[in-house]
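Breakdown of the fold
Each chain, written out:
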Amino acid sequence: MRLLTHNMLSSNIKGVTNGFPLKIQVEKVVEKQVEINHDFLRNIFPKIDWKAFSDASRTMGYDEMPEEPPEPSVLESNVEFLGKFHHALLELHLEEGALLCPETGRKFPVNKGIPNMLLLEDEV
Amino acid sequence: MDENVNFQEKAASAIPHFSINYRFNVNLIPTSWSNCLFDLSVSICFQVFGDQKFDVGCFHDLNMILVFIVMPGNSFEMSYKIAQIRLVSSHPEVYEPCDDSFALVDALLSDRNNLLELKPMLCMEVGCGSGYVITSLMLMLGEEANGAQFIATDINHHAIRVTQETMEAHGVYAELINTDVASGLENRLAGSVDLLVVNPPYVPTPEDEVGREGIASAWAGGENGRSVIDKILPVAEKLLSKRGWLYMVTLTANNPSQICRQMMKKGYASKIVVQRSTVEESLHIIKFWKDNDIEADTNDAITNSKAVPLGIVDSVRLQMQRLSFWGSSDINTTTN
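Residues numbered from 1 in each chain as written. Chains lettered and ligands numbered in written order. Predicted model: local features only at pLDDT ≥ 70, side-chain atom pairs only at ≥ 80, totals over all residues. Heavy atoms only, no water.

Observations regarding the confidence of the model for chain B
All names here are of chain B. The pLDDT averaged across chain B works out to 74; a share of 63% of its residues lies at or above 70. Across residues 14–78, where pLDDT falls below 50, the model places 157 contacts with residues more than four positions away in sequence or in other chains. Low pLDDT (under 50) marks residues 297–336, which in the prediction has 93 contacts with non-local residues, meaning those over four places away or in another chain. Across the interface, the model reports ipTM at 0.97; the global pTM reads 0.77. (pLDDT = per-residue confidence, 0-100. Contact = heavy atoms within 4.5 Å.)

Below you can see the structure in the form of structure tokens.
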């Protein structure tokens, strides 16, 4: 599971009002390189919840993302920043661990990089 | 056996570069034969000597279809790539690629230029099964996808695992989530998915068969096969971006015209992009897109045009690609 996905996941448990972001419990992080695409980064940026993203990247062991979201102009021209953004968003994988509902603490396991968001009958 | 020798001779004379190093037996029994679809029963067994690559092509001769192998240098240039059946992983509890999967991929292929023009940023498949469709989608967009990211979900964890293996075998990557439709993603991904593809469980079954664990969840669709489809459609509406497109597989039994009318009321235009018919049933691959000019008037005719059917040779070529050629075991695709 990459941080792009983590930024799009929220707790789906019935009755939970504040299910985002899920807290990350790290057991194993893997880095997998993938080709950078500046257009994609610029297009996805507005959809990213920056605080959740920068916190999550720190949890995954990568400290390069600033706490405050960058100005759009930084994305336009700062290639070095784009590289780091790309790395945090798309190259860090949570292979083993869990995602925790911020309200209930319920664990959604992550195994082989795949989060299991299936709910039990009483949670639906 | 004689028939097979005949084929080899035909192939040898028809294809100048056919090499005697490639021995093969071909049995082809075409069954139903129509402009839109023909089902083949193919049994291919051959042994390949050496590491040489080759392409398989075919042409038809009256009622027989000749499969031939072309040496490199004379290979057909495939202008598109899709998943190869031989690289698709499997598991007893996971739905294997079948006519409906192929029809959905064909629909996407036929729309490939439009898809590239759309420049989707986030693409998603609900119910990825073996991974055949999402892998094919990633391959067919390829480098021209301009950094698009792909997400796939499945309620069956075996399917997720199989999809992961299939993607790895093809050298592509999509984010996988084990979940029911898009549960957990709906809120944050709302209005963000530019391309959504779904091959839902559409088979009419008793209601209590719906949502059961295991492979039945791949086809059990309850009354009129609509249980899961009707659950997916509102989620699709929530996920799709303003310019987003949805491709969905349906059966005649699902009442596709009614689905289209329903979607029209929500502001979606629709078109049947591929239709495949057998004696018993018809598959309709429907494409939905947001259209502000759509009148919410159920008396209006739905935008509904049959796609130009693939030519026979192209269709067979696609079918042939899907067969696994490696190994010495007979491969059988059974048909009606």
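Overview of the pattern of salt bridges
Per the stated rule, a full pass over the model turns up 16 salt bridges over all chains. Residues participating in the shared-partner salt-bridge network are A:D39, A:R42 and A:E76. (Salt bridge = Lys/Arg side-chain N within 4 Å of Asp/Glu carboxyl O.)

Some points on the nonpolar core
A:F85, A:L89 and B:M124 are the most contacted members of the largest nonpolar core, which has 108 residues in total. Sort the elements by how many residues they give to this core and helix α4 (residues 132–141) of chain B lands first, with 8 residues. Among residues more than four places away in sequence, those in contact with A:L89 are A:R2, A:L3, A:L4, A:F40, A:L41, A:I44, A:I48 and A:F53. (Core = buried A, V, L, I, M, F, W, Y, C linked by side-chain atoms within 4.5 Å. Buried < 20%, exposed > 50% of the residue type's maximum accessible area, 1.4 Å probe, protein only. Helix = DSSP H or I, 4+ residues; strand = E, 2+ residues; numbered from the N terminus.)

Thoughts on empty space enclosed by the protein
Using a probe with the size of a water molecule, rolled over the atoms, empty space left in the structure can be pinpointed. For the structure on display, the rule yields 2 cavities of 30 Å³ or more. Estimates place the volume of the largest cavity at around 40 Å³. Taken together, A:R2, A:L4, A:T5, A:M8, B:L122, B:Q149, B:F150, B:I151, B:E175 and B:L189 form the lining of the largest cavity. Those elements that place two or more of their residues in the lining of the largest cavity are α1 (3–6) of chain A together with β6 (149–154) of chain B. Here the lining of the largest cavity is composed, by residue class, of 6 nonpolar, 2 polar and 2 charged. (1 Å grid on protein atoms, 1.4 Å probe; cavity = no way out; pocket = protein on both sides within 12 Å on 5 of 7 lines; lining within 4 Å. Points joined across faces, edges and corners; volume = space filled by probe spheres on them. Nonpolar A, V, L, I, M, F, W, Y, C, P; charged D, E, K, R; others polar.)

Structural notes on the environment of A:H86
Residues and elements named next belong to chain A. Its location among the elements puts H86 in helix α5 (residues 79–91). Classification of H86 as buried rests on a relative accessible area of 4%. Separated by 51 residues in the primary sequence, H86 and E35 have C-alpha atoms spaced 9.0 Å apart. With residues up to four places along the chain from it excluded, the contact list for H86 reads V34, E35, I36, L41 and E91.

Observations concerning the pairing of strand β7 (residues 175–178) of chain B
Residue and element names in this part refer to chain B. Side chains E175 and I177 project from β7 onto one buried face, and the interleaved L176 and N178 project onto a second face that is buried too. Sheet analysis places β6 next to β7, joined by 4 bridges and oriented parallel. Within β7, the position partnered with D154 by the bridge is N178. The parallel pair β6 and β7 is bridged by helix α5 (residues 157–170), and the resulting crossover is right-handed. (Pairing = 2+ DSSP bridges. Right-handed = clockwise from strand over helix to strand, strands pointing away.)

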